[in-house]
Amino acid sequence: TRTAVGIVGGGPAGLMLSHLLAASGIDSVVLDNRTRHQIEQTVRAGILERDSVRLLVDAGVSDRVLREGHEHEGIELRFGGTGHRIDFQDLVGESVWLYPQTDVFMDLAVARERDGGDVRFGVTDVAVHDVTTDAPRVTFTDSDGRACEVRCTVLVGADGSRSTCRHEIPEEQRRHFYREYPFAWFGILCEAPPSAPELIYSHSDRGFALISQRTESVQRMYFQCDPAERVEDWSEDRIWEELQARVAGDGFRLKEGRITDKTVLPFRSFVCEPMRHGAMLLAGDAAHTVPPTGAKGLNLALADVRVLHECLERFLGGDADALDDYSARALQRVWRAQHFSYWMTTMLHRLPDASDFDVRRQVGELTSVVSSRAGSTFLAEAYTGWPGRKD
Ligand code: DHB
């Protein structure tokens, strides 16, 4: 097969890029070693920035996000046993949408299928070749066991945090920036009505908790835990006791229900620079991951894709230099998001060896954020997403 853009990775980043390219009349082939069903079964984060929603709607991918997603005009920061609302609409005139990443994937997969896009899930042995030439290739084995090859003009690695494309950049030509955290999230899905109208990010003496939502009858919640924690050691009763303790104060109680999913989610901060090597460009988690606090991961991947689509359009239209500034433009937003995610994480989580000073300093910081319009506005701008035009 010959195509203009070979895309390794059929998650939201790869599919969105393929969709946008098709709208510009540019051919692409998307390959993923997971099946569509496998990707649909993975529970992911659920918050879309307003520009992510606009992209889905404007690109004709989905109006389901507007019908079934929930607009959230703010969040609650909870500390010292009381809640403090950050009002996004009042501060920056914007909202975010609660709409699971899995649904974004499903909408994109349906749109690519509807438009006749070439997307091949469940392929194996994916390998990229000749990425520094003007004729890069991807080889793979298709789901019938046949050896196949895609020849392309440009290759995109949108193959997630365990990217194989990234490793095609020789070590002496890439830099990795990396930070680990001494905690993970214990995530649950439960059958219960929402406990609050908006998300709650809670700082407590027992550590962080996040109360999120999915539907009227299914809720998503997380609490900070040791990365070595085992889900088997956590009964329903123990989980509810821990979650209730982390949001306690002023009489607030979570609505409890049957827990249908329990997962320990380790996380880290990571950036690979540059995001381009010859005719290969990286997008999304293949180039960077952020800790989950603030839900920037998918939004950042979609922001990469917006910039990349524009660069590819110019490049394939004959502007030979058009790929040169992709990495620097994308990385500007990546580092802002790295800072925001790190800041939210370190402000709200309890370090295992935290002193009383550390904890009181965090409460001082949270007090500044909620009591200063400038402080709240900084959070609101970052949470709802920085404007794309200034990328
Ligand atoms: C969700 C996840 C996040 O990391 C976050 O900051 C907000 C919401 C979620 O899964 O709903």
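Residues numbered from 1 in each chain as written. Predicted model: local features only at pLDDT ≥ 70, side-chain atom pairs only at ≥ 80, totals over all residues.

Taking an unreviewed UniProt entry as the reference, the protein chain is identified by name as p-hydroxybenzoate 3-monooxygenase belonging to Pedococcus cremeus.

(A) Looking closely at the overall build of the protein chain. Within the protein chain, the regular secondary structure consists of 11 helices and 19 strands. The C-alpha atoms of the protein chain give 21 Å as radius of gyration, which agrees with the globular expectation for 391 residues (21 Å, within 12%). Taken over the C-alpha atoms alone, the protein chain extends approximately 65 × 40 × 40 Å along its principal axes. Within the protein chain, buried positions represent 44% of all 391 residues. For the protein chain, contacts bridging at least 24 residues in sequence account for 72% of all contacts bridging at least 6. (Helix = DSSP H or I, 4+ residues; strand = E, 2+ residues; numbered from the N terminus. Rg over C-alpha atoms; globule rule 2.2 N^0.38 Å. Buried ≥ 20, exposed ≤ 12 C-beta atoms within 10 Å, placed from the backbone. Contact = placed C-beta atoms within 7 Å.)

(B) Looking closely at the UniProt feature "domain: FAD-binding" (unreviewed entry) in the protein chain. Per the UniProt entry, the sites bearing "domain: FAD-binding" (unreviewed entry) are residues 2-340 in this numbering. Segment residues 2-340 splits into 29% helix and 33% strand. End C-alpha atoms: 41 Å apart. (UniProt positions renumbered as here; feature names shortened; annotations may be inferred.)

(C) Layout of the sheet that holds strand E4 (residues 70-72). One open sheet holds the 3 strands; their spatial order is E3-E7-E4, and the pairing between them is antiparallel. Two strands bound the open sheet, and with one partner strand each, they are strand E3 (47-48) and E4. Inspection of the sheet shows E4 paired to strand E7 (residues 96-98) by 3 bridges, in the antiparallel sense. Paired with glutamate 71 across the two strands is tryptophan 97, which belongs to E7. (Pairing = 2+ DSSP bridges.)

(D) Representation of the confidence of the model for the protein chain within the structure. In this model, the protein chain carries an average pLDDT of 96, and 99% of its residues clear a pLDDT of 70 or more. Prediction confidence for the complex, expressed as pTM and ipTM, is 0.96 and 0.98 respectively. (pLDDT = per-residue confidence, 0-100.)

(E) Spotlight on the site of the ligand. Contacts to the ligand come from Ala45, Gly46, Ile47, Leu199, Leu210, Ser212, Arg220, Pro292, Thr293, Gly294 and Ala295. Looking at the shell around the ligand residue by residue, the class counts come to 6 nonpolar, 4 polar and 1 charged. (Near = placed C-beta within 6 Å. Nonpolar A, V, L, I, M, F, W, Y, C, P; charged D, E, K, R; others polar.)

(F) Quick peek at the packing of helix H1 (residues 12-23) against helix H6 (residues 101-114). The geometry of H1 relative to H6 is characterised by a closest axis approach of 9 Å and an angle of 35 degrees between their N-to-C directions. Seen along the crossing, H1 lies across H6 with a hand that is left-handed. Residue-level inspection shows Pro12, Leu15, Met16, Ser18 and His19 of H1 in contact with H6, the latter providing Gln101, Val104, Phe105, Leu108, Ala109, Ala111 and Arg112. Tallied by class, residues from the contact of H1 with H6 come to 8 nonpolar, 3 polar and 1 charged. (Axes fitted to C-alpha atoms, helices over the stretch in contact; angles between N-to-C directions. Left-handed = near helix turned anticlockwise from the far one by under 90°.)

(G) Summary view of the sheet that holds strand E6 (residues 82-87). With respect to topology, 8 strands assemble into an open sheet ordered E6-E5-E13-E14-E15-E12-E16-E19, the strand pairing being mixed. Edge positions in the sheet fall to E6 and strand E19 (288-289), since each of these pairs with one other strand and no more. Bridging between strand E14 (residues 209-213) and strand E15 (residues 218-225) involves 5 bridges; their strand directions are antiparallel. By the bridge assignment, alanine 209 is partnered in E15 with phenylalanine 223. Strands strand E12 (175-191), strand E13 (200-202), strand E16 (258-273) and E19 of the sheet are contacted by helix H9 (residues 326-348), whose axis makes an angle of about 130 degrees with E16.

(H) Layout of the environment of histidine 349. Along the polypeptide, histidine 349 turns up in the loop between H9 and helix H10 (356-371). It is 35 Å that separates the C-alpha atoms of histidine 349 and isoleucine 169, two residues lying 180 residues apart in sequence. In contact with histidine 349, not counting residues within four places along its chain, are Phe183, Gly207, Phe208 and Gln224.

(I) View of unusual backbone geometry. That bond from glutamate 273 to proline 274 is cis: its omega, -5 degrees, falls within 30 degrees of zero. Relative to the elements of secondary structure, proline 274 occurs in the loop between E16 and strand E17 (276-277). The residue aspartate 250 is not glycine, and still its phi comes out positive at about 40 degrees. Structurally, the position occupied by aspartate 250 is in the loop between helix H7 (236-247) and E16. Despite not being glycine, alanine 295 shows a phi value in the positive range, around 55 degrees. Among the secondary structure elements, alanine 295 is positioned in the loop between E19 and helix H8 (297-316).

(J) Quick peek at the pairing of strand E10 (residues 137-141). The side-chain alternation of E10 yields one buried face, formed by Val138 and Phe140, and one unburied face, formed by Arg137, Thr139 and Thr141. Taken together, E10 and the strand that follows it, strand E11 (residues 147-157), pair antiparallel across an intervening segment of 5 residues, in which glycine 145 is found at a positive phi of about 85 degrees.

(K) Summary view of the packing of H1 against H8. Running from amino to carboxyl end, H1 crosses H8 at an angle of 30 degrees, the nearest separation of the two axes being 9 Å. Judged by the angle between their axes, H1 and H8 are roughly parallel. The interaxial crossing formed by H1 with H8 has right-handed handedness. Note on element contacts: H8 touches H1 through Leu298, Ala301, Leu302, Asp304, Val305, Leu308, His309 and Leu312, opposite Pro12, Ala13, Met16, Leu17, Leu20 and Leu21. (Parallel < 35°, antiparallel > 145°, perpendicular 65-115°, else oblique.)

(L) Quick look at the pairing of strand E5 (residues 74-79). The buried count for E5 comes to 6 of 6 residues, which makes it a mostly enclosed element. Of the two faces of E5, the one carrying Gly74, Glu76 and Arg78 and the one carrying Ile75, Leu77 and Phe79 are both buried. Where E5 folds back onto E6 in an antiparallel hairpin, the turn is made up of 2 residues, including glycine 80, whose phi is positive at roughly 60 degrees.

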